[in-house]
Amino acid sequence: MLIDRIWYTSHHPLSYLLRPLSGLFAGLGALRRVLFRLGLKQSVRLPVPVIVVGNITAGGTGKTPLTIYLAKSLQALGYHPGIVSRGYGGKASIPLSVNAGSDPRLSGDEPILLARATGVPVFVFKDRAAAGFALLAAHPEVDVLLCDDGLQHYRFQRDIELCVVDGVRGFGNGALIPAGPLREPLARLKSVDAVIVNGGNYPLAHPHLFQMSLVAAPFYSLVNAPLESWHGLRIAAVCGIGHPQRFFNSLKALGLVFTEHAFPDHHSFCANDLPDAEIILLTEKDAVKLTALADVRMWVLPVSASLAPDLAGWLSQNIALKNLQIE
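Residues numbered from 1 in each chain as written. Predicted model: local features only at pLDDT ≥ 70, side-chain atom pairs only at ≥ 80, totals over all residues. Heavy atoms only, no water.

Chemist: Got a minute to help me understand the side chain of Thr 67 in this structure?
Modeler: Residue position: Thr 67 is located in helix α3 (residues 63-76). Exposure remark for Thr 67: the relative accessible area of 0% places this residue in the buried category. Separated by 3.4 Å, the side chains of Thr 67 and Asp 148 make a polar contact. (Helix = DSSP H or I, 4+ residues; strand = E, 2+ residues; numbered from the N terminus. Buried < 20%, exposed > 50% of the residue type's maximum accessible area, 1.4 Å probe, protein only. Polar contact = N/O pair within 3.5 Å; in protein donor to acceptor, adjacent residues only side chain to side chain.)

Right under this line is the structure:
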């Protein structure tokens, strides 16, 4: 894609042409942060601790699998987490409760995946604070909130900030949107509580640095078909996530030979998008949107996050050190 070549290629001429717009973007972002800091724009605190999972680059870095990992880990530690999300791609006009059977056209795809994978309460709305209040009203047992992709949502006060970094692509050319992939300057990393590097070995210095890897589980059929040999069959991989190449690379690492079919993040699939193949491989996120079109050809590759060192343990200690009132 052209935008990837601009953002992740050194000295791309279009990047330099876009630098003035990046300057404007930086100025508006800085003004917005100052307005919140001075109290001229209102921020909202919820009655339970809020942990934000986000990034400072546009595109996928692995926030959703990390959020799933955190929700499950907090449950194992005795907490009762809930999740709030923007619900990108959805059309919710009020705070909306999301479950495994929700319509992705209303809620977006990622919240449904979060609900399916964790079983915890999930609410979506463009105003994350409003989503949080609605979630707590419906589920008073929730004692900690995870905010999926909310690092730049300063209206929502937070107690712990976790920033996910793509360990392979890093920060591209280091420029702000639209000349580069950065949502905020690199200096923003100094103020987050922890940095999680997803894959690769991108060099970073931070007092609380964690390495995340995505571990693949066996494929499963979208229509519960029995798994048989794919030898000699025409295989296609269909992917509409923030960084499709990560999915394609995972399939190649499994020794599979296939054609690649990349779509924009949060793409709304239709029947014409499906390739002429005998086996179609999908991410779990894309499977959410393809349920209505599911057939025997479709197989899903589930992945889970593995963290080193122990992020869940560090998080529990950090909550205690901050004297957050979680019962």
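Chemist: Looking at this structure, how should I read the pattern of salt bridges?
Modeler: For side chains of opposite charge, pairing can occur when their charged atoms come near one another. Summed over all chains, the structure comprises 19 salt bridges. A salt bridge links Lys 285 to Glu 110; its shortest N-O distance comes to 2.9 Å. Of this pair, Lys 285 sits in helix α8 (residues 284-290) while Glu 110 sits in helix α5 (residues 109-118), placing them 175 residues apart in sequence. Accessibility assignment for this pair places Lys 285 and Glu 110 in one class, buried. The salt bridge partner of Arg 188 is Glu 184, with a shortest N-O separation of 3.2 Å. Several salt bridges share partner residues, and in doing so they unite Arg 33, Arg 158, Glu 161, Glu 184 and Arg 188 into one network. (Salt bridge = Lys/Arg side-chain N within 4 Å of Asp/Glu carboxyl O.)

Chemist: Just to check I follow, could you spell out the sheet that holds strand β6 (residues 160-166) for this structure?
Modeler: The strands that make up a sheet are held in pairs by hydrogen bonds between backbone atoms, and each pair lies either parallel or antiparallel. Overall, mixed pairing links the 9 strands, which are arranged β3-β4-β2-β5-β1-β6-β7-β8-β14 in an open sheet. Bordering the open sheet on either side are β3 (96-98) and β14 (303-308), each of which pairs with just one other strand. Pairwise comparison of adjacent strand axes, ignoring direction, gives a mean angle of 25° for this sheet. In the sheet, strand β2 (residues 81-85) pairs with strand β4 (residues 122-124) via 3 bridges, with the strands oriented parallel. (Pairing = 2+ DSSP bridges. Axes fitted to C-alpha atoms, helices over the stretch in contact; angles between N-to-C directions.)

Chemist: What am I meant to see in the sheet that holds strand β13 (residues 298-301) here?
Modeler: Read from one edge to the other, the open sheet built from 5 strands follows the order β9-β13-β12-β10-β11, with strand pairing classed as mixed. Each of the sheet's edge strands pairs with one partner strand only, and the pair in question is β9 (220-221) and β11 (259-262). By the bridge criterion, 2 bridges tie β9 to β13 in an arrangement that is antiparallel. Bridge pairing in β13 links Ser 221 to Trp 299. Helix α7 (residues 244-253) contacts β10 (235-239), β11, β12 (279-283) and β13 of the sheet and is inclined by roughly 150° relative to β10. (Contact = heavy atoms within 4.5 Å.)

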